[in-house]
Each structure stands twice: as C-alpha cells, then as structure tokens.
Amino acid sequence: MDKLRFYEACDKIINKQRQKNGIGTLGEKTLHAVLKYYFEPFEDNQEIKLGGYVADIAGENGVIEIQTQNFNALRKKLEAFLEYSNVTVVYPIAKIKYLSWIDVETGEKSKRRKSPKNGTIYDCFKELYKIKYTLDNPRMNICLVFLEMEEIR
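Residues numbered from 1 in each chain as written. Predicted model: local features only at pLDDT ≥ 70, side-chain atom pairs only at ≥ 80, totals over all residues. Heavy atoms only, no water.

> Lay out the overall build of the protein chain in plain terms, naming residues and giving numbers.
Scanning the protein chain for helices and strands turns up four helices and six strands. Across the protein chain, helices and strands are ordered from the amino to the carboxyl terminus as α-α-β-β-β-α-β-β-α-β. For the protein chain, the C-alpha radius of gyration of 17 Å lies close to 15 Å, the compact-globule estimate for 153 residues. Taken along its principal axes, the extent of the C-alpha atoms in the protein chain is 50 × 35 × 30 Å. Within the protein chain, buried positions represent 36% of all 153 residues. Sequence-distant contacts in the protein chain: of pairs separated by 6 or more residues, those separated by 24 or more amount to 57%. Surface exposure of the protein chain reaches about 10,000 Å², of which carbon and sulfur atoms provide 50%. (Helix = DSSP H or I, 4+ residues; strand = E, 2+ residues; numbered from the N terminus. Rg over C-alpha atoms; globule rule 2.2 N^0.38 Å. Buried < 20%, exposed > 50% of the residue type's maximum accessible area, 1.4 Å probe, protein only. Contact = heavy atoms within 4.5 Å. Areas by Shrake-Rupley, 256 points an atom, 1.4 Å probe, with all protein chains shown as cover.)

> Would you mind going over the pairing of strand E4 (residues 87–100) in detail, with residue names and values included?
Within E4, 10 of the 14 residues are buried, leaving the element largely enclosed by the surrounding structure. In terms of strand pairing, strand E3 (residues 62–66) meets E4 through four bridges, oriented parallel. The residue bridging Glu65 from the neighbouring strand is Val89, located in E4. With 13 bridges joining them, E4 and strand E6 (residues 140–152) adopt parallel strand pairing. The residue bridging Ile93 from the neighbouring strand is Phe146, located in E6. Here two bridges tie E4 to strand E5 (residues 113–114), and the two strands are oriented antiparallel to one another. Pairing of Leu99 across the sheet is with Arg113, part of E5. (Pairing = 2+ DSSP bridges.)

> Please set out the pattern of salt bridges residue by residue, giving values where relevant.
Overall, the coordinates contain eight salt bridges when judged by the stated rule. As a salt-bridge pair, Glu150 and Lys109 come within 3.1 Å of each other at their nearest N and O atoms. Here Lys109 lies in the loop between E4 and E5 and Glu150 lies in strand E6, a separation of 41 residues in the sequence. The exposure class assigned to Lys109 is partly exposed, which follows from its relative accessible area of 45%. Residues joined by salt bridges that share partners form a network here, namely Lys97, Glu151 and Arg153. (Salt bridge = Lys/Arg side-chain N within 4 Å of Asp/Glu carboxyl O.)

> Any chance you could break down the environment of Pro92 for me, citing the residues and the numbers?
With respect to the element layout, Pro92 can be found in strand E4. Setting aside residues up to four positions removed in sequence, Pro92 forms contacts with Leu31, Leu35, Gln67, Thr68, Val145 and Leu147.

This is the structure:
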C-alpha cells in the first residue's frame, strides 16, 4: 500500500466534513469511504451504475467493490459485474485495532486500549466461502487490506 496516498485518503475523508448525498453514500462508514477514495480518488469513477447495480468504483482497471462484511450481499452484483469486466473485491482486515469509548453523558473519550484480537488472512475465509462460486473466474480478484485502526464506540 502507498502510505502517502492512504494518509491523503484519511485526511480527505476523516478530517473534513463529508457530504452525505449521492447513491450509496448515505450510510457509508468511514472505513469504506477511506478505502474507496484510496483506490479511486477521481470521484467521477465512484458509485457507477452497471448492469442494474451500483459499483463502488468502475474505471479502466475494472470494477472495485469494497466490502467490510456480509459477502452474501455481493452475490448477484458479482454475477452481473463479472459478465462485463474484471472485478476486485477489497476486504479490509484489522491487523491491529485500538478501542475507545465516548461517554454519552459527558462526551469524553476514554483512553484507548489495544484489542487482543489480531487480524489474519484466515479472517476472510468465512466471507469468501459465501462467494466461492466466483473465485475460479479469471476476471475475479480479491484484495486483502491489513490495517491498523481505531474504533470509537
């Protein structure tokens, strides 16, 4: 991963007010938005309608779908996209995760602590099983992204 480009994506998404408009962005989580901008900073290539579905990214390198969980939701979408193009499914894994909490009454953030769970390549198997029928398609690619991240609850 290009660290500078990743930090630029974080800066654009996390440190600036994001507009909550457009297809597929209303409930978009921060991690999804950062990865989408990292893989395609040109917003005209984001949220593209293809084959009755909306692709996170569509450009000269094919379709990129960022999926943080629930690969079941990708089944029909992948079938449609694989007819037209190469498809890369990006799956982020928290290699190192820090947790902190916000007190609802005071608004104060607790001191962060390191989660005892460390993400590994095996974390993706449960999700990949749900789309196993696509994995032998020569147009299908999987990109595992290992991240150090902070979750605020």
